[in-house]
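Chain and residue survey
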Amino acid sequence: MSVLKDESARSDVLNRLRRAEGQLRGIQRMVEEGDDCLKIGQQFSAVRKALDSTYLRMTLCFLQQELG
């Protein structure tokens, strides 16, 4: 079964994307306010991890579709 057809998996992916979107907005605000570069870099790292994890889920979905 495709990850996107599974309601709980689809919800999980959307929640991950929304969380990353919120983190990106936070980074934008930090840059606008002139926050410390180290703190901003840490937030970038958190967003990258969230997106990498979501990308892995989508890659598995693609493989399931192609092999299934």
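Everything below is about the structure shown above.
Because the structure is predicted, anything quoted here is derived from the model rather than measured.

Examining the packing of helix α1 (residues 7–33) against helix α2 (residues 37–67)
Two elements in contact, α1 and α2, have axes separated by 9 Å at closest approach and are oriented at 160 degrees. One element, α1, and the other, α2, form an angle in the roughly antiparallel class. Along this stretch, α1 crosses α2, giving a crossing that reads as left-handed. Between α1, through Ala9, Asp12, Val13, Arg16, Leu17, Ala20, Gln23, Leu24, Ile27, Met30 and Val31, and α2, the contact on the second element is made entirely by Lys39, Ile40, Gln43, Phe44, Ala46, Val47, Ala50, Leu51, Ser53, Thr54, Arg57 and Met58. Considering only residue class, the contact of α1 with α2 consists of 15 nonpolar, 4 polar and 4 charged.

The rules behind each value
Residues numbered from 1 in each chain as written. Predicted model: local features only at pLDDT ≥ 70, side-chain atom pairs only at ≥ 80, totals over all residues. Heavy atoms only, no water. Axes fitted to C-alpha atoms, helices over the stretch in contact; angles between N-to-C directions. Helix = DSSP H or I, 4+ residues; strand = E, 2+ residues; numbered from the N terminus. Parallel < 35°, antiparallel > 145°, perpendicular 65-115°, else oblique. Left-handed = near helix turned anticlockwise from the far one by under 90°. Contact = heavy atoms within 4.5 Å. Nonpolar A, V, L, I, M, F, W, Y, C, P; charged D, E, K, R; others polar.

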